[in-house]
Amino acid sequence: MHDVAHDYGKGQYFWVWGALLLLTGVEVWLGYRQIFEPVHMLQVLLVLSIIKSALIIGYFMHLKFETALMRWVLVFSVTACFIIMFFFFFPDADRIIRLGVK
Amino acid sequence: MADAVLEHSAAPAHGHAGEFEQPLFGAYSKKVGMWLFLASDSLTFGALLFAFSYNRIYTAWPTPFGKESIINATIMTACLLSSSLTMVLAVFASQRHDRAWTRNWLLATMAFGTAFIVLHGMEWTHLIHEGLALPGFPQSIEHGSGEYAKVSASVPQFAATFFGLTGMHMLHVTIGVIYLGAVALRKWFLPILAAIYIAAFFAIPADSVFHYGVHVLLVGLIVAGIILFLKPKDYDAYDVEVSGLYWHFVDLVWMFIFPLVYLMSTRV
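For the structure given in this document, a descriptive report is provided here.

The rules behind each value
- Counting restarts for each chain, with residues numbered from 1 along the sequence as it is written.
- The lettering of chains begins at A and the numbering of ligands begins at 1, in the order of writing.
- pLDDT decides what is reported in this predicted model: residues at 70 or higher carry local features, side-chain atom pairs at 80 or more are listed and counted, and totals for whole chains, interfaces and linings draw on all residues regardless.
- For this entry, the nonpolar core is defined as buried Ala, Val, Leu, Ile, Met, Phe, Trp, Tyr and Cys residues connected by C-beta atoms within 7 Å.
- Exposure criterion: with C-beta atoms placed from backbone coordinates, a residue whose C-beta has 20 or more other C-beta atoms within 10 Å is buried, one with 12 or fewer is exposed, and one in between is partly exposed.
- Secondary structure follows DSSP: runs of H or I at least 4 residues long count as helices, runs of E at least 2 residues long count as strands, and numbering of each begins at the N terminus.
- We call two residues in contact if the C-beta atoms placed from their backbones are at most 7 Å apart.
- For a helix, the expected span equals 1.5 Å multiplied by the number of residues minus one.

Focus on the nonpolar core
And then number 1: Ala90(B), Leu180(B), Ile257(B), Phe258(B), Leu260(B) and Val261(B) are the most contacted members of the largest nonpolar core, which has 86 residues in total.
And then number 2: For this core, the secondary-structure elements that each account for two or more residues are helix 1 (11-33) and helix 2 (38-60) of chain A together with helix 2 (29-58), helix 3 (67-95), helix 4 (99-129), helix 6 (156-185), helix 7 (189-203) and helix 10 (237-262) of chain B.
And then number 3: Among the elements that line this core, the one with the most residues is helix 10 of chain B, at 17 residues.
And then number 4: If we skip the residues at most four places from it in the chain, Val261(B) touches Phe52(B), Phe162(B), Leu165(B) and Thr166(B).

As structure tokens, this is what we get:
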């Protein structure tokens, strides 16, 4: 079980919860205002989602309080897989469209 | 073994019989196992989200979600975020060995999760009723004449990615609720789950996709029954923490689905 020394009380978890709700509100506002064109909107929403996921992983899932080895192995391996997926899926899908395959 | 870390501290000096190796990540094996499962599961959702994003950018994408859908999805998001908070409180209670409050917070988490499933089910039902459907879905009388029938016909990728992504997530939430129910109530949860399954099966109309989807509860009942009877145990703080990891992951995935699927298809 994780070390309880880091548990400075439940207060920080309520703050994280509030921050997540606030960020969700910002996302909904951006979605309704449609300030950006779709590609930029996708990028902005993805950045906000990554911030929210970092809060959930770090605090709610307690990864922030695990050993450095565990933190780095998990974050690096999953991020590396997503980067590989990004560089394989998108160019290949784009190539299929340009080749005119129906 | 769940208590590997604790047992190690009491282990004899190096080289003696019965000594345990240092855990690789400084954490007990169940937690490492759950983290590895979640890492692999994140790739499943990652592939689905990449497919959705690709279609969203490169296709003339419909924007069918009006104010009602966005409000509904925002409430669903709030439910999941609140469930994560109650899950954290359940973990704290379990570390204090406070059984009553552990169970109460777990039940609160399940209630939020169930609210999410019900709201999502209502959203699906509305969309299907309005004509958004996949070829395998049961056909209602009104099917094909609703507001979204044109969307299904002109951009079939929309229905495929929407139902694929949100359906996969709803399945994970349902499994999560069953998992938490087994941890909170142990064998007492089985008759409750059986009653919910039977009630849902007879209450949901035969032309609804959930009339077939509800069989997930039956599969969950069988699996939970096998586990609870083969290895009956009093779930401790380690188990609650590991179940919490799964639940927070379900919440985490929705943090990507909500903006990408709903907010990127908003009809202003």
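Having seen the structure, we can now continue with the description.
Quick word on the environment of Leu63(A)
Residues and elements named next belong to chain A.
And then number 1: Looking at where Leu63 falls in the secondary structure, it is placed in the loop between helix 2 and helix 3 (68-99).
And then number 2: Accessibility expressed as a C-beta count within 10 Å gives 19 for Leu63, which makes it partly exposed.
And then number 3: Each C-alpha atom of the pair Leu63 and Val75 lies 9.7 Å from the other, and the pair is 12 residues apart in sequence.
And then number 4: Once residues lying within four places of it in the same chain are set aside, the contact partners of Leu63 are Ile57, Gly58, Arg71 and Leu74.

Notes on helix 4 of chain B
All names here are of chain B.
And then number 1: The end-to-end C-alpha separation of helix 4 is 44 Å, in line with the 45 Å expected for 31 residues at 1.5 Å each.
And then number 2: Those residues of helix 4 that sit buried are Thr102, Trp105, Leu106, Thr109, Met110, Phe112, Gly113, Phe116, His120, Trp124, Leu127 and Ile128.
And then number 3: Tucked into the core, helix 4 has its buried residues touching helix 3, helix 6 and helix 10.
And then number 4: Backbone geometry just downstream of helix 4 places Gly131 in the positive-phi region, at approximately 110 degrees.

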